[in-house]
Amino acid sequence: MRIAEFLSPQAIIADMQARTKNEVLRELSAALVRAHPHLQEDKLVEVLREREKLGSTGIGEGVAIPHGKLGGMTQLLATFGVSREGLDFEAIDGKPTHLFFALVAPENSAGVHLKALARISRLFKNPRFRTAILEAPTAADIHALIVQEDARP
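Computed from a predicted model, the values in this text were never measured in an experiment. Counting restarts for each chain, with residues numbered from 1 along the sequence as it is written. Two thresholds apply to this predicted model, a pLDDT of at least 70 for residue-level local features and 80 or more for giving and counting side-chain atom pairs, whereas whole-chain, interface and lining totals are computed over all residues. With hydrogens and water stripped out, all remaining heavy atoms of the structure feed into the side-chain values.

By the element assignment, E149 lies in helix 5 (residues 139–150). A relative accessible area of 12% places E149 in the buried class. Note on contacts: a residue pair qualifies if any of its non-hydrogen atoms lie within 4.5 Å across the two residues. Setting aside its immediate chain neighbours within four residues, E149 contacts L123, N126, R128 and F129. Numbering goes from the N terminus for both helices and strands, where a helix is a DSSP run of H or I of at least four residues and a strand is a run of E of at least two. Exposure classes here rest on a 1.4 Å probe applied to the protein chains alone. A residue is buried below 20% of its type maximum, exposed above 50%, and partly exposed in between.

The next point concerns the packing of helix 4 (residues 127–135) against helix 5. In this analysis, axes come from line fits to C-alpha atoms, helices being fitted only over the stretch in contact, and the angle between any two N-to-C directions falls in the range 0 to 180 degrees. Interaxial distance between helix 4 and helix 5 falls to 9 Å at its minimum, and their mutual angle equals 160°. Judged by the angle between their axes, helix 4 and helix 5 are roughly antiparallel. In this structure, the crossing between helix 4 and helix 5 has a hand that is right-handed. For the pair helix 4 and helix 5, the contacting residues are R128, F129, A132 and I133 in the first and I142, L145, I146 and E149 in the second. Angle categories: roughly parallel below 35 degrees, roughly antiparallel above 145, roughly perpendicular from 65 to 115, and oblique for all the rest. Left-handed describes a crossing whose near helix is turned anticlockwise from the far helix through less than a right angle; right-handed describes the clockwise counterpart.

Pairs were defined over the aromatic rings of Phe, Tyr and Trp, the Trp ring being its six-membered one, requiring ring centres within 6.5 Å. Orientation was assigned from the angle between planes: stacked under 30 degrees, edge-to-face over 60, tilted for the rest. Enumeration according to the criterion identifies five aromatic pairs in this entry. For the ring pair F101 and F124, a centre distance of 6.0 Å and an interplane angle of 70° mean the geometry is edge-to-face. Of the two residues, F101 is situated in strand 6 (residues 97–106) and F124 in the loop between helix 3 (110–123) and helix 4; the sequence distance between them amounts to 23 residues. Among the aromatic side chains, those forming a connected cluster through ring pairs are F80, F101, F124 and F129. Sitting above the plane of the F89 ring, K21 keeps its charged end 4.8 Å from the centroid. Consider the ring centre and the ring normal. A charge sits over the ring if Lys NZ or Arg CZ is within 6 Å of that centre and within 35 degrees of that normal.

Attention shifts here to the pairing of strand 1 (residues 7–13). In terms of residue burial, strand 1 counts as a mostly covered element, since five of its seven residues are buried. Judged from the three bridges that link them, strand 1 and strand 5 (residues 77–87) form a sheet pairing that is parallel. Its bridge partner being in strand 5, L7 is matched across the sheet by A78. Strands are treated as partners if at least two bridges between them are detected by DSSP.

In this section: the confidence of the model for the protein. Of the residues in the protein, 100% reach a pLDDT of 70 or more, and the chain-wide mean stands at 95. Confidence of the predictor at the level of single residues is given by pLDDT, which spans 0 to 100. Per-residue pLDDT, averaged within each element of the protein, yields its smallest value for helix 3 (88) and its largest for strand 3 (residues 63–64) (98).

This is the structure in structure tokens:
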């Protein structure tokens, strides 16, 4: 599984405007709907909010991976956003979060969902990669960096 299979360049936000956790979830959901118009923004926001109620998906080092499962979906889909200023996402390390990788999976897809979470988490452990993403000026540049890093053995 490669990230490019479920993250399209149209679902990337190079400069998020959100300033709160709820605004982040709404902005990410809106980007996913722009790339996949058959989705319903309110349902996406609700699924991501429900998961956040269980505990923050802010994994630290400026990264959060909001995720959830949604009925009626046939494939795993993702959106990615960069908050240049960073914001409080209640991350486990207490630091501001800058990089948001949201995943929405079909209801019956535990294996695929978990593999994608693990892959994204591994990718964003690399400090050099995180810095490159923060410095990338456009959504196309960000997408290219993610695809390139994901292709490494």
